[in-house]
Structure formats: C-alpha cells, structure tokens
Amino acid sequence: AQSVTQPDIHITVSEGASLELRCNYSYGATPYLFWYVQSPGQGLQLLLKYFSGDTLVQGIKGFEAEFKRSQSSFNLRKPSVHWSDAAEYFCAVGAHPNFGNEKLTFGTGTRLTIIP
Amino acid sequence: EAGVTQFPSHSVIEKGQTVTLRCDPISGHDNLYWYRRVMGKEIKFLLHFVKESKQDESGMPNNRFLAERTGGTYSTLKVQPAELEDSGVYFCASSQDPTWGYTFGSGTRLTVV
C-alpha cells in the first residue's frame, strides 16, 4: 500500500530565510509525486509534480522539489520565503495514470508560519 | 478557464440530517474525484468518476454516502444520515489528463453537531 509521511506538522521560518519541507513516501513502483499548497480559505493549488525525467522539478512561486529514489523522498525547497508563503503544504503520491489507478495518497500536511 | 467550484463552502447540520454537497468540475474534464480531510488528519480519497461512471469507489466510508454524476457534468455527494465523524472538509478535483495533474476546488467544510 502506498503512504506518505510529512514528519513536520508545523514549521516557523523568518521571512527571507530558506525553506525545506520533508516528504517521504512508500510506493512499490515508480511513483507520481505532487506538492500542493492550501492557503487560508483557498483550495488545494498544485505547486509541482514529478513522474519521470529530471529529478529536480521546478514549480510555481519559486518552489522546487527533488526526487531521491534511494531515500524515497521528495522534499520541497524555496531559497527565500515570503510572508505570502504562509499556508499548509501537502505532499501526495499516486500511481502513474497509465496504470489505471489514479487516486492520490496524501500526507498529513505541514503548516508553515512566516515571522517578520 | 473557470476552476473547480464547490458549494456550499460551509455547512452545519445536526446529527441525523441529510446534506448534499455539489461539485462543478472544469468544463470538459471527464475525471472527477472526491476527497475528504477529517480534522488534523490526511486528505483521503473517496471516489473517482470517469464521465458518469464510478471508476473507483474504494474510499467511500460506508453506505451513508452516495455520490452521483448524472450526465457526466457536475457531481453530488450526499450524506444521509450524517454522523458526528462525518465532519471535515470535502474536496473535489477534476482532470482531463491526469498526467497533467489534478485541479482541486476550495472544498466544503461540513460540521455535524
């Protein structure tokens, strides 16, 4: 069965500081990996996704993530956070859609607080 | 293009009542998914429609939940009768090609009291 672990429930960083949110997954085949962000009162917005190719993926809002198969990780990074990045971040894993199983398994989320 | 629309945004009902949630996917998206997040826990898959057919309903918690997608357009999720443990945020998502990712709505926050 597939699973996702986001070990950090809550992270606080200063504006302008770098950020890394951790995500570890368990999946028996080649995973299809996502990061979503939910700002207050908003829906889940896709930041980036990975299913093949370059293991360093660039997303929106200056975020990037690196797929490391040997560590079963897909950590999200940003070199300099802005106050508007305060939100909840979700990592998710799924099968490649060509395999016919399209449900995503999400982690429990990491809440990011930005301090001035 | 318009996004995935869900309504109501909030619903507070008493235990034993019925509630119907609605999701309007992005026009032309054949795939529609329902997910739920119970307070403080992970977002969990409920079911997947392809057009009007249920492709996968393995995540539906019990027979108090009924999802429909008549005509392959909008979908409804009915909870009858609602129980306290049904409280949470219900998300809908749609996609035309899942390799492009999934577009989520802003969710319906359901509170059963």
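Data block above holds the structure.
Residues numbered from 1 in each chain as written. Chains lettered and ligands numbered in written order. Predicted model: local features only at pLDDT ≥ 70, side-chain atom pairs only at ≥ 80, totals over all residues. Heavy atoms only, no water.

Colleague: What am I meant to see in the state of the cysteines here?
Modeller: Every disulfide links exactly two cysteines, by a covalent bond between their sulfur atoms. What the rule picks out here adds up to two disulfides over all chains. Each sulfur of the disulfide joining C23(A) and C91(A) lies 1.9 Å from the other. Disulfide C23(A)-C91(A): torsion about the S-S bond near -65 degrees, hence left-handed. Here C23(A) is found in the loop between β3 (19–21) and β4 (24–26), whereas its partner C91(A) is found in strand β10 (residues 87–94), with 68 residues between them in sequence. The two residues C23(A) and C91(A) agree in class, both being buried. Covalently, C23(B) is tied to C92(B) through a disulfide, its sulfur atoms 1.8 Å apart. Disulfide C23(B)-C92(B): torsion about the S-S bond near -65 degrees, hence left-handed. Here C92(B) lies in strand β9 (residues 88–95) and C23(B) lies in strand β3 (residues 19–24), a separation of 69 residues in the sequence. (Disulfide = S-S within 2.5 Å. Helix = DSSP H or I, 4+ residues; strand = E, 2+ residues; numbered from the N terminus. Buried < 20%, exposed > 50% of the residue type's maximum accessible area, 1.4 Å probe, protein only.)

Colleague: How should the packing of aromatic side chains be read in this particular structure?
Modeller: Using the criterion set out here, one finds 18 aromatic pairs over all chains in the structure. Between F91(B) and F104(B), the ring centres sit 6.5 Å apart and the planes meet at 80 degrees, which makes this aromatic pair edge-to-face. Of this pair, F91(B) sits in strand β9 while F104(B) sits in strand β10 (residues 103–104), and the two are 13 residues apart along the sequence. Among the aromatic side chains, those forming a connected cluster through ring pairs are Y32(A), F34(A), Y36(A), F51(A), F90(A), F106(A), Y33(B), Y35(B), F45(B), F91(B), Y102(B) and F104(B). Between the NZ or CZ atom of R22(B) and the centre of the ring of Y74(B), over which it lies, the distance is 3.7 Å. (Phe/Tyr/Trp six-rings, centres within 6.5 Å; stacked < 30°, edge-to-face > 60°. Lys NZ or Arg CZ within 6 Å of the ring centre and 35° of its normal.)

Colleague: Sorry if this is basic, but what is going on with the interface of chain B and chain A here?
Modeller: The accessible area lost on association of the parts is a frequent measure of interface size. With 20 residues of chain B at the interface, the matching set in chain A holds 22 residues. Note on chain B versus chain A: buried area summed over both sides is about 1,700 Å², and carbon and sulfur give 57% of it. Area buried by chain B at its contact with chain A is led by I43(B), T99(B) and Y102(B), which between them contribute 32% of it. At the junction of chain B with chain A, the criterion picks out two salt bridges. Taken together, the links from chain B to chain A amount to five residue pairs in polar contact (both at pLDDT 80 or more). Among the secondary structure elements, those contributing two or more residues to the side of chain B that touches chain A are β4 (31–37) and β5 (43–50) of chain B. Grouping the amino acids of the side of chain B that touches chain A by side-chain chemistry returns nine nonpolar, seven polar and four charged. (Contact = heavy atoms within 4.5 Å. Buried area = accessible area lost by both parts, 1.4 Å probe. Salt bridge = Lys/Arg side-chain N within 4 Å of Asp/Glu carboxyl O. Polar contact = N/O pair within 3.5 Å; in protein donor to acceptor, adjacent residues only side chain to side chain. Nonpolar A, V, L, I, M, F, W, Y, C, P; charged D, E, K, R; others polar.)

Colleague: What am I meant to see in the sheet that holds strand β8 (residues 75–79) of chain B here?
Modeller: Adjacent strands of a sheet form backbone hydrogen bonds with each other and so pair up, either parallel or antiparallel. Residue and element names in this part refer to chain B. A sheet is described by the order of its strands in space; here four strands give the open sequence β1-β3-β8-β7, paired in antiparallel fashion. Both outer strands of the open sheet, β1 (5–7) and β7 (65–68), are each paired with one neighbouring strand and no more. Strand-to-strand, the axes of this sheet are offset by a mean angle of 15 degrees, without reference to chain direction. (Pairing = 2+ DSSP bridges. Axes fitted to C-alpha atoms, helices over the stretch in contact; angles between N-to-C directions.)

Colleague: What is the right way to look at the side chain of S73(A) in this model?
Modeller: Residues and elements named next belong to chain A. Relative to the helices and strands, S73 resides in strand β9 (residues 73–78). Of the residues examined, S73 reaches a relative accessible area of 4% and is grouped as buried. Filtering out sequence-adjacent residues up to four positions away, S73 remains in contact with C23, N24, Y25, E66, F67 and K68.

Colleague: Would you explain the environment of P116(A) in this entry?
Modeller: In this structure, P116(A) sits in the segment after β12 (110–115). When the C-alpha positions of P116(A) and G62(A) are compared, they lie 19 Å apart, and in sequence the two are 54 residues distant.

Colleague: Teacher, can you tell me more about the pattern of salt bridges here?
Modeller: Residues and elements named next belong to chain A. Tallied over the full model, the rule gives 13 salt bridges over all chains. Notably, a salt bridge pairs R77 with E66, separated by 3.3 Å at the nearest N-O pair. Here R77, found in strand β9, pairs with E66, found in strand β8 (residues 64–68); they are 11 residues apart in sequence, far enough to count as distant. Since its relative accessible area comes to 23%, R77 is described here as partly exposed.

Keep in mind these values describe shape, not function.
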